[in-house]
Structures are given as C-alpha cells and as structure tokens.
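What the coordinates show
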Amino acid sequence: MIKTLKQITDIKAVLWVNTFCYYFRRLWLVGKWMPESIYSRYGLKKALAVVANIVRQLIDFCGKPLYLLAFVGLPLLATLDIQTMSKAFPAMVHILFFLNCGIGSVAESQIFTVTRDKVACIKYLHMDARTYLKAFLAYKYVPFFLYYLPWLFVSARLLGATLLQGFFLWLLLLSFRMIGEASQLLIFDRTGKVISRSMAYNWAVIGIGLTGAYLPAAFGWTGGLAAVLLHPVSVVVYVALGIVSLWYITVGYRGYEEKFHRSIDQNFLLSTLLKSSTGASAGFRAVEIKETDAKGSESAKEKFRKLTGYRYMNALFFARHRRQLVKPVYYRLLATAGLFSGAVAFWIVNREAAVRLSTNLTSLLPFFVYIMYFMTVADKAARAMFFNCDKDMLHYAYYRQPQTVLRNFQIRLFRVSLYDLVIAGAICLAALGFCLLCGTSLFSMDLMLFCVTILLLSILFTAHHLCLYYIFQPYSESLQIKNPFYSFINVLMYVLCFLCLQIETGGFVFTMSALGFTTLYIVVALVLVYHRAPKSFRVK
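Since the model is a prediction, treat every value here as computed from it, not as a measurement.

1. Description of the overall build of the chain
Assigned secondary structure in the chain consists of 22 helices and zero strands. Across the chain, contacts joining residues at least 24 apart in sequence account for 81% of those joining residues at least 6 apart. When the accessible surface of the chain is split by element, carbon and sulfur atoms take 69% of a total near 27,500 Å².

The structure is reproduced here in structure tokens:
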C-alpha cells in the first residue's frame, strides 16, 4: 500500500506540474521565460513536484480554519451575542454535524469519486482495486483529519470548551465520514448504483443539511444535540461504528475485483473535472439549442436583411438564443420587482428608517456588488457562443483572423451589455421609485452615485466574462475547462464580491473606490483582449 500511495502522490504532482508549465508558457509576457525544454528536465520537474505537494498540504492545512470561520464562525457571530456566547461551542457542534456528518458524509464519497489518476491506475495500469483504494483513502483522509485536529482544539478552547470535547468532536467527524463511505459502498454492492451521483438525492441532502445546520442555530436550539453527540456513551457507539465501517471498506468488502471497475464511469471523470473548475457541464446543457429555437431564428431572418457580414451572423445567433439569454433577463427583472416590493413593505412597516435609507442608498452598494455578480447573463452568453458557434467556426482559418476575432468581440460585447444594462436599469428605476415613495429628492448626489455605480457594475461583469473568454478561450472541444488561470480569476472575482458583503457600510469612499476599480478593470480587460485575443482565441 505504501508503494501505491507514493505512486498516487507522484502521479498527482506530475499532472499538476505539467499543467502548470503548459499554461504558464501561454501567459502573455512572462510565458516566454519558461523554455519548452522544461518538460524534459526531470530533476527540475521532480523538485517542482515536491514543491507542489508541499504547497498542496499547506493549502489544505490553512483551508481548515478558513472553512471553520466561514461556515461556523461567521454564522455564530451573526446569531449570538455576549450573553449567549456560552452556547457557541454546542452551536458549532450542531452546525458541523449537519454540514460534515450530514452533507459531507452522505452526499460525497471519495471511494466513488472519478479522477484521472484513478482511471489510469485501475483501468489502464490494472492495479489491484482494493490496494489502490486503501492508498487513495489514506492520501485523502489522513491529512484531511490530521489538519482538522489542531484547529478543532483551538476552536474548542476559544469557545470555552475543553480539549477533550474538541477531541470528541474530531472523532465524530472522522467516524461519520467512514460510516458514510461504508454505507454508499454497501448500497453500490446491493443495487449497483452510486447514490451520490444522483442530482435529486444530492440536492435533497444539501437542502436538509443546510436547513438543519443554520435554522435551529438562528433560534438557539442547538444545545440538546451537542450534549447527546459529545456524551461518552455516544462517542463509544459512533467510534465503534466508524471502526466497523473502516474494516468493511478495507477488508470486509469482497466485490472490488468483480464489481468496482463498473463504478469508474469516465463520464463522471468529465463532471469531476468541470466541477473542480466551475461546473461547466451543467452550464453547457443549459445553452443547448432546441428545435423551437432554430425555428425562431428562421422567422427572424427578415428583420436582419439589411445587415451584412458578422453583424448579420451575430444577429442570427442572438435571435436563436433568445430562450437562453432573454428569459434569464426576465427572471432577473422579476427578482428586481420582488426586491422593490420588499422595499415598499419596509416603507410601510418603518417609514422613518425607510426615509433614512433612501437618503443614503450608497450604504447598500457593498451588498449590490455581490448581487450584480449574479445578475449578469454574460457567463451564460460566453458558454452559448462557444458551444453553439465558436467551437465549430474556430476550425476555419478566416474565423481566426485578428480582425474577425476583434470584430465579433465588439458586436457581442455591445449586445450582451445591453442585456445586463436592462437589468441594471431596472434596479435603478426601483431605487428611484423607492426614493419617490419616501419623498426623497430624485436629484441627490447619493442617488446619482448609486445609479452610476450599478450601471457601471453591470458593464464590469459583462466585460469580465467576455474578456476572460476571449483572452483565455478556456473550453476544449470535449467541453472541459482547460485553463486554470481562467478558473482562478473567476474565483478571485467572486471572492472580491463576497468580501464586499463584509463591509458594514458603504458610503462615499466605498462608492468612489468601486467606481475607480470598475473603470480600471474594464479598461485593462479591453486592452488585454485587443492584445491577446487574436493569438489565444483558439479551440483547445
């Protein structure tokens, strides 16, 4: 098993290093610093593999306190005060039970996760499935739980609990993870189905888990469950069940050689890769063309007879994709109407507070930065462009000409910006209506800055998604996201928007900072498109 564990570690590190080298060499300006001969320099690649493993372990270790802070600490800060801080550790136990023992153990299985190294080792190298899974589970779970232990000790002490209670909580998480793995393996053995691959099942588990974790915590109904879970008798019971489950996984189950290879469905290798990138598989299914879409575009041809060239082609494209792009706009307009209805209800319930808010709408901008991130349809538009147009057209040399690439980008950016500006305009109208309702001046500087920022944010997120698409063109013909920098920048943008929620109040300084950042980002993104897109906009 030790030899197999080393092979798994080496394979993962080599895959990471090769991927990093490939995409680093494609970066503008700095990519040329890395010579192509890097792939043949075994010693250097081995050193990079060691560094990659160390970095991965550091990320995993540092990720545990961030997880505890985001999913436990912040909800506790929002629901508890100084007088109720004695309930903090029981509440933490309650939340982690539903998140880790519920969602984590029941909706996820490392045994049935399909990875590139698992396919290579079991299907192509014909490793013994039992030996491989023992090593793979050790690779996944030993550091996973070892890194949890010190942070659970720290959390327990900070929240007024003992180290023993922190250790019991660690045993709870470990035992239920093994119970969950064994349960899914048993179900597979009896039915031949991997239950964690059912979307309906997963969403049900997630819904129940999140409701169970946070709804009782919001009302302070958490102490009873924690007392039961951390009772010594309960600890003995679930640790015993965990040991039995571990024995079943590693020794007791006899179907690895006969049955397990059937669970390695390479369709789920694609979904695993896309899930780790940004969940693009489901996104592409959402932009597939139906027969009714094609009929609609045929009837629209008469409207575009005066158009020529790529303006005509893109007009037909957007006519064919009305269902995929215009419908989401309608849904967002309905959401905006719901938001305005809530504002009206707030005015009815507390007019004095509503009037104060109407004179300081910029204080809501940190919240609206996050909202506007989800309001854009540009991400879906980019996927539709690739899946239903560029994936095939990029095989033709004339379509890859710099002037063609940039001309299509200009037309598409303008059209998608209109969709997003309609949504932003509706939000601005809702703000105007709220101010009118409250009797606030419609010509105040505060309202003007709010509306300008909302409109500019809509353009920012349109430019963000389309510029990233043209700069990196991250999709392959098999619909995988092949560029990690694309995923990283997308995640970074989301994190920045999420961090804006942590700003307690907006105001003039935040508004001007947001306007400055937005303007700078749009300009830089457009400049990069005009420099990089003619070279990088290709099928991977």
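2. Focus: a nonpolar patch on the surface
On the surface, Phe367, Phe488, Val491, Leu492, Val495, Leu496, Phe498, Leu499, Leu501 and Phe517 cluster together to form a nonpolar patch covering roughly 840 Å² of accessible area. Considering every element that reaches the nonpolar patch, the biggest residue donor is helix α21 (residues 484–500), with seven residues. Residue classification places Phe517 among the partly exposed positions, given a relative accessible area of 40%.

3. Focus: the pattern of salt bridges
Counted by the stated rule, this structure contains six salt bridges. Here Glu352 ties to Arg356 by a salt bridge, and the two come within 3.3 Å at their closest N and O atoms. In this pair, Glu352 and Arg356 are both assigned in helix α16 (residues 351–358), four residues apart and thus about one turn of the helix distant. Taken as a pair, Glu352 and Arg356 share a single burial class, namely exposed. The partner of Lys391 in a salt bridge is Asp392, and the shortest N-O contact between them spans 4.0 Å. Look at Asp392 and you get partly exposed, because its relative accessible area is 43%.

4. A few points about the side chain of Ser196
Looking at the secondary structure, you find Ser196 in the loop between α6 (163–191) and α7 (199–218). Owing to a relative accessible area of 12%, Ser196 belongs among the buried residues under this scheme. Separated by 3.0 Å, the side chains of Ser196 and Gln184 make a polar contact. If near-sequence neighbours (up to four positions away) are discounted, Ser196 is found in contact with Ala107, Glu108, Ser109, Gln184, Tyr201 and Asn202.

5. Structural notes on unusual backbone geometry
For Gln473, which is not glycine, the phi torsion reads 35° and is therefore positive. Looking at the element boundaries, Gln473 is found in the loop between α20 (445–472) and α21.

6. Regarding the packing of aromatic side chains
The relative placement of two aromatic rings is captured by the distance of their centres and the angle of their planes. With the rule as written, the count across this model stands at 39 aromatic pairs. For the ring pair Tyr396 and Tyr398, a centre distance of 5.9 Å and an interplane angle of 35° mean the geometry is tilted. Seen from their ring centres, Phe409 and Tyr530 are 6.4 Å apart, and the 85° between their planes marks the pair as edge-to-face. Placement of the pair is Phe409 in helix α19 (residues 402–438) and Tyr530 in helix α22 (residues 507–536), with a sequence separation of 121 residues. The structure contains a cluster of three or more aromatic residues connected by ring pairs, namely Phe386, Phe409, Tyr469, Tyr470, Tyr475, Tyr486, Tyr530 and Phe537. The side chain of Lys64 reaches across the aromatic face of Tyr148, ending 5.5 Å from its centre. The ring centre of Trp347 lies 3.9 Å from the NZ or CZ of Arg351, which sits over that ring.

7. Brief notes about the confidence of the model for the chain
Taken as a whole, the chain shows an average pLDDT of 84; of its residues, 89% reach a score of 70 or greater. In this model, residues 270–282 is a region of pLDDT below 50 whose contacts with residues beyond four sequence positions or in other chains number 17 contacts.

8. Examining α20
Between its first and last C-alpha atoms α20 spans 39 Å; for 28 residues at 1.5 Å apiece the expected length is 40 Å, and the two agree. Where burial is concerned, most of α20 is hidden: 22 out of the 28 residues are buried. Looking one or two places after α20, you find Gln473, whose phi comes out positive at around 35°.

9. Notes on the side chain of Gln110
Positionally, Gln110 belongs in the loop between α3 (88–106) and α4 (116–124). The buried category is assigned to Gln110, whose relative accessible area is 10%. For Gln110, the side chain forms a polar contact with the side chain of Glu108, separated by 3.3 Å. Beyond its immediate chain neighbours, meaning those up to four positions away, Gln110 contacts Lys118, Phe136, Leu137, Lys140, Tyr141 and Glu181.

10. As for α6
For α6, spanning 29 residues, the distance from its first C-alpha to its last is 42 Å, which sits close to the expected 42 Å at 1.5 Å a residue. One or two positions beyond α6, positive phi appears at Gly192, with a value near 80°.

11. Quick word on the environment of Tyr148
Along the chain, Tyr148 falls in helix α5 (residues 129–158). Taking the C-alpha atoms as reference, Tyr148 lies 6.2 Å from Lys64; in sequence the two are 84 residues apart. Side-chain polar atoms of Tyr148 contact the side chain of Asn100, separated by 3.1 Å.

12. Structural notes on the packing of helix α17 (residues 365–375) against α20
Describing two packed helices takes the angle between their axes plus the distance from one axis to the other. Two elements in contact, α17 and α20, have axes whose closest approach is 10 Å; the angle formed by their N-to-C orientations is 30°. One finds that α17 runs roughly parallel with respect to α20. Where α17 crosses over α20, the two elements pack in a sense that is right-handed. Residues Leu365, Phe368, Val369, Met372 and Tyr373 of α17 touch α20, and the partners they reach there are Phe450, Thr453, Ile454, Leu457, Ser458 and Phe461. Tallied by class, residues from the contact of α17 with α20 come to nine nonpolar, two polar and no charged.

13. Here we look at the packing of α17 against α21
Two elements in contact, α17 and α21, have axes separated by 7 Å at closest approach and are oriented at 145°. The handedness of the crossing between α17 and α21 is left-handed. Where α17 approaches α21, its residues Pro366, Val369, Tyr370, Tyr373 and Phe374 are matched on the opposing element by Asn490, Met493, Tyr494, Cys497, Phe498 and Cys500. Residues that form the contact of α17 with α21 fall into these classes: ten nonpolar, one polar and no charged.

14. Quick look at the environment of Met375
Along the chain, the position of Met375 falls in helix α17. We classify Met375 as buried; its relative accessible area is 12%. Taking the C-alpha atoms as reference points, Met375 and Ala424, separated by 49 residues in sequence, lie 8.4 Å from one another. Once residues within four sequence positions are removed from consideration, Met375 is found in contact with Arg332, Thr336, Asp420, Ile423 and Ile427.

What counts, and where the lines are drawn
Residues numbered from 1 in each chain as written. Predicted model: local features only at pLDDT ≥ 70, side-chain atom pairs only at ≥ 80, totals over all residues. Heavy atoms only, no water. Helix = DSSP H or I, 4+ residues; strand = E, 2+ residues; numbered from the N terminus. Contact = heavy atoms within 4.5 Å. Areas by Shrake-Rupley, 256 points an atom, 1.4 Å probe, with all protein chains shown as cover. Patch = residues over 30% accessible without salt bridge, like charges linked within 9 Å, V, L, I, M, F, W, Y side chains within 5 Å. Salt bridge = Lys/Arg side-chain N within 4 Å of Asp/Glu carboxyl O. Buried < 20%, exposed > 50% of the residue type's maximum accessible area, 1.4 Å probe, protein only. Polar contact = N/O pair within 3.5 Å; in protein donor to acceptor, adjacent residues only side chain to side chain. Phe/Tyr/Trp six-rings, centres within 6.5 Å; stacked < 30°, edge-to-face > 60°. Lys NZ or Arg CZ within 6 Å of the ring centre and 35° of its normal. pLDDT = per-residue confidence, 0-100. Expected span 1.5 Å × (residues − 1). Axes fitted to C-alpha atoms, helices over the stretch in contact; angles between N-to-C directions. Parallel < 35°, antiparallel > 145°, perpendicular 65-115°, else oblique. Left-handed = near helix turned anticlockwise from the far one by under 90°. Nonpolar A, V, L, I, M, F, W, Y, C, P; charged D, E, K, R; others polar.

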